[in-house]
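# Remarks on the overall topology
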Amino acid sequence: MTDALGEALHLLRMSGTFYCRNELSEPWGLTMPDMTDCLWFHVLTSGRCEVEVDGAVTVLAPGDVLLVPGGQGHRLFSGKAESPLVTTLPHTFETDNYAILRHGGGGEVTHLVCGAVRFDDPAAKHLVAVLPQTLYVRQADDMRATIDLMAAEARYLRPGGEAVITRLADVLVIQTIRSWLTHDPAARTGWLGALQDQQIGQALALIHRDPAQPWTVERLAQQTAMSRSAFAARFTDLVGEPAMRYVTRWRMHVAVNRLQDRDRTVSEVARGLGYESEAAFSRAFKRVVGVSPGQSRAG
């Protein structure tokens, strides 16, 4: 795994929006709401669960993990039962973002850990954005220890259990993404494939680490020990756009993130990304993002 891909995984630091330990008795059904700025995850620790996303159904067995990277709404169920929106059901809140849900018809019990998490770093967001609609890992050996620990915590309500489960859930999300990147041929195409290319991946890592540098095609080619023409052609072929267009677009990804910090002025964000004037930065920002920096911040 190249430095660029490894760094993107390293930046998958999650800010938990909601975690829930579910005790669901058959028959049962739940509808998860659309959360387009989040990634949904589900870890089945015991029992049975089916997940329906856009009409496609995946049957989970204990030890399976399923991610919905785009955060779209979907349905979880076992048996024939109504599937109310999960937010309309009574939860027992252990903390502000961790709850226990008990629901169902009184039959055999399924234990399921669910959550919705956000990613803040632009590289992490971009990585999640190019993942498939659903990402399913069946009882992976390299994830067994994490799942077993989560199952033990989900089975018994112990002091600090919510802290253990939320941290294990974050680890499982990263392990699931890493497993897919390692084993699925789709992970070797497009931007993800470019990250794993020895030379273009190195160039992407340089851009991601320090977008404010005055990058040029010549300079990036020198850094990767390629000729200018060979580098330019290979970059465009693998990434899908010319190198300098990517540099500008990446700077704007970073800018959108930094503009959320109200203590930073637009001018400070511009200078921090290598722009000598706020006007030049604002023109580039509007061209790439579609709105002005001020409108982005207001939104």
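Report on the accompanying structure.

## Digging into the pairing of strand E10 (residues 109–119)
With respect to burial, E10 is a largely interior element, nine of its eleven residues being buried. Where strand E3 (residues 39–46) meets E10, seven bridges bridge the pair, whose relative direction is antiparallel. Residue pairing for E10: Ser-46 is matched across the bridge by His-111.

## Some thoughts on the packing of aromatic side chains
Tallied over the full model, the rule gives seven aromatic pairs. Summarising the aromatic geometry, the rings of Tyr-19 and Phe-41 are spaced 6.1 Å apart at their centres and angled 55° between planes, so their arrangement reads as tilted. Taken as a pair, Tyr-19 in strand E1 (residues 14–25) and Phe-41 in strand E3 lie far apart in primary sequence, 22 residues in all. Accessibility expressed as a relative area gives 1% for Phe-41, which makes it buried. Note on Tyr-246 and Trp-250: the rings are 5.8 Å apart at their centroids and 15° apart in plane angle, and the pair reads as stacked. Of this pair, Tyr-246 and Trp-250 both sit in helix H9 (residues 243–258), four residues apart, which is roughly one turn of that helix.

## Considering unusual backbone geometry
A cis amide bond, omega -15°, links Glu-26 with the succeeding residue Pro-27. Along the chain, the position of Pro-27 falls in the loop between E1 and strand E2 (28–32). In this structure, Asp-54 takes a positive phi of about 50° despite not being glycine. With respect to the helices, strands and loops of the structure, Asp-54 is situated in the loop between strand E4 (49–53) and strand E5 (56–60). Given a relative accessible area of 60%, Asp-54 falls into the exposed group. For Ala-225, which is not glycine, the phi torsion reads 55° and is therefore positive. Position of Ala-225 relative to the elements: it lies in the loop between helix H7 (217–223) and helix H8 (228–239). Exposure remark for Ala-225: the relative accessible area of 70% places this residue in the exposed category.

## Overview of the packing of helix H2 (residues 122–129) against H9
When two helices pack together, their arrangement is given by the angle between the helix axes and by the axis-to-axis distance. Put simply, H2 and H9 touch, their axes get as near as 9 Å, and they point 110° apart. With respect to H9, the axis of H2 lies roughly perpendicular. Of H9, the residues touching H2 (which contributes Pro-122, Ala-123, Lys-125 and His-126) are Arg-249, Trp-250, His-253, Val-254 and Asn-257. Taken together, the residues that form the contact of H2 with H9 break down as four nonpolar, three polar and two charged.

## A closer look at the sheet that holds E4
Taken in spatial order, the four strands of this open sheet run E2-E7-E4-E5, and their pairing is antiparallel. Each having just a single partner strand, E2 and E5 make up the two edges of the open sheet. On average, each strand axis in the sheet is inclined to that of its neighbour by 20°, with strand direction left out of account. In terms of strand pairing, E4 meets E5 through five bridges, oriented antiparallel. By the bridge assignment for E5, Glu-52 is matched with Val-57.

## With respect to the side chain of Glu-50
With respect to the helices and strands, Glu-50 occurs in strand E4. Overall, Glu-50 belongs to the buried group, its relative accessible area being 14%. Only 3.0 Å separates the side chain of Glu-50 from the side chain of Arg-48, close enough to count as a polar contact. Setting aside its immediate chain neighbours within four residues, Glu-50 contacts Val-57, Thr-58, Val-59, Arg-75, Leu-76 and Phe-77.

Calculation notes
- Residues numbered from 1 in each chain as written.
- Predicted model: local features only at pLDDT ≥ 70, side-chain atom pairs only at ≥ 80, totals over all residues.
- Heavy atoms only, no water.
- Buried < 20%, exposed > 50% of the residue type's maximum accessible area, 1.4 Å probe, protein only.
- Helix = DSSP H or I, 4+ residues; strand = E, 2+ residues; numbered from the N terminus.
- Pairing = 2+ DSSP bridges.
- Phe/Tyr/Trp six-rings, centres within 6.5 Å; stacked < 30°, edge-to-face > 60°.
- Axes fitted to C-alpha atoms, helices over the stretch in contact; angles between N-to-C directions.
- Parallel < 35°, antiparallel > 145°, perpendicular 65-115°, else oblique.
- Contact = heavy atoms within 4.5 Å.
- Nonpolar A, V, L, I, M, F, W, Y, C, P; charged D, E, K, R; others polar.
- Polar contact = N/O pair within 3.5 Å; in protein donor to acceptor, adjacent residues only side chain to side chain.

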